[in-house]
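Report on the structure
If you want the building blocks of each chain, they are given just below.
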Amino acid sequence: MRKILMCGLLLAVAFSANPARALDSSGTPVVVTPLASRTTTASGQPITLPQKNVQVLVSTYDIASGATLPVHRHPFPRYAYVQAGTLKVTNVETGISNTYKAGDFIIEMIGQWHQATNIGDVEVKLLVIDQVEQGAKNTELRQ
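So, here is what we can say about the structure in this document. (Residues numbered from 1 in each chain as written. Predicted model: local features only at pLDDT ≥ 70, side-chain atom pairs only at ≥ 80, totals over all residues. Heavy atoms only, no water.)

Okay, the pattern of salt bridges next. Enumeration over the complete set of coordinates arrives at five salt bridges. Here arginine 73 and glutamate 140 are joined by a salt bridge, their closest N and O atoms 2.8 Å apart. Taken together, the positions of arginine 73 in strand 4 (residues 72-73) and glutamate 140 in strand 11 (residues 140-141) put the pair 67 residues apart, joining distant regions of the chain. Using a relative accessible area of 27% as the deciding quantity, one classes arginine 73 as partly exposed. With relative accessibility at 32%, the residue glutamate 140 sits in the partly exposed group. For lysine 125, the salt bridge identified is with glutamate 123, shortest N-O distance 3.1 Å. (Salt bridge = Lys/Arg side-chain N within 4 Å of Asp/Glu carboxyl O. Helix = DSSP H or I, 4+ residues; strand = E, 2+ residues; numbered from the N terminus. Buried < 20%, exposed > 50% of the residue type's maximum accessible area, 1.4 Å probe, protein only.)

Written out as structure tokens, the structure reads:
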């Protein structure tokens, strides 16, 4: 019984390490590759959603090499997928920095002042998804 349980566990691990496979309606394979699964932001906060009239905003950002964004914060959840480049994000309240490169998924901190700098030689390209209360902005600049 123990050997059967161990074999089942090893098979489950092997299948979970590979991209998921699905079929479209014509029977053609579709590969689903999980990129991220998290319950906390970059600074360890639990992810919470707006409580009313949620609006999803999707945008792209192109950040030139050497550019630094102003100090800002987000009152609602923001997610970013790094398509190109290298971005350093610093929490100016704690001084802790994280560096993200192409292929990384960022779950930004909520309500904490931070700034980002393109520390690479190429433009940073981000796909950004915001979840806000309808009509609200998700970036506040520090005055």
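Looking now at a nonpolar patch on the surface. On the surface, Val54, Val56 and Val58 cluster together to form a nonpolar patch covering roughly 270 Å² of accessible area. Examined against the element boundaries, valine 54 turns out to sit in strand 3 (residues 54-63). For valine 54, a relative accessible area of 46% corresponds to the partly exposed category. (Patch = residues over 30% accessible without salt bridge, like charges linked within 9 Å, V, L, I, M, F, W, Y side chains within 5 Å. Areas by Shrake-Rupley, 256 points an atom, 1.4 Å probe, with all protein chains shown as cover.)

Another point: the packing of aromatic side chains. The way to describe two aromatic rings as a pair is by their centre distance and the angle between their planes. Scanning all chains against the criterion turns up one aromatic pair. Ring plane angle 10 degrees and centroid distance 6.3 Å describe the contact between tyrosine 79 and phenylalanine 105, whose orientation is recorded as stacked. Taken as a pair, tyrosine 79 in strand 5 (residues 78-84) and phenylalanine 105 in strand 8 (residues 105-107) lie far apart in primary sequence, 26 residues in all. Since its relative accessible area comes to 13%, tyrosine 79 is described here as buried. For the cation-ring pair, arginine 142 lies above tryptophan 113, with the distance from its terminal atom to the ring centre recorded as 5.9 Å. (Phe/Tyr/Trp six-rings, centres within 6.5 Å; stacked < 30°, edge-to-face > 60°. Lys NZ or Arg CZ within 6 Å of the ring centre and 35° of its normal.)

Right, let's talk about the sheet that holds strand 10 (residues 124-133) for a bit. Taken in spatial order, the four strands line up as 3-10-5-8 in an open sheet, and their pairing is antiparallel. Of all strands in the sheet, those bounded by a partner on one side alone are strand 3 and strand 8. Strand-to-strand twist in this sheet, taken as the mean axis angle between neighbours without regard to direction, amounts to 20 degrees. (Pairing = 2+ DSSP bridges. Axes fitted to C-alpha atoms, helices over the stretch in contact; angles between N-to-C directions.)

Before going further, it helps to examine the pairing of strand 7 (residues 97-101). Sheet topology places strand 6 (residues 86-91) next to strand 7; five bridges connect them, and they run antiparallel. Note that in strand 7 the partner of lysine 88 across the bridge is threonine 99. Counting the residues in the hairpin turn of strand 6 and strand 7 gives five residues, including glycine 95, whose phi is positive at 80 degrees.

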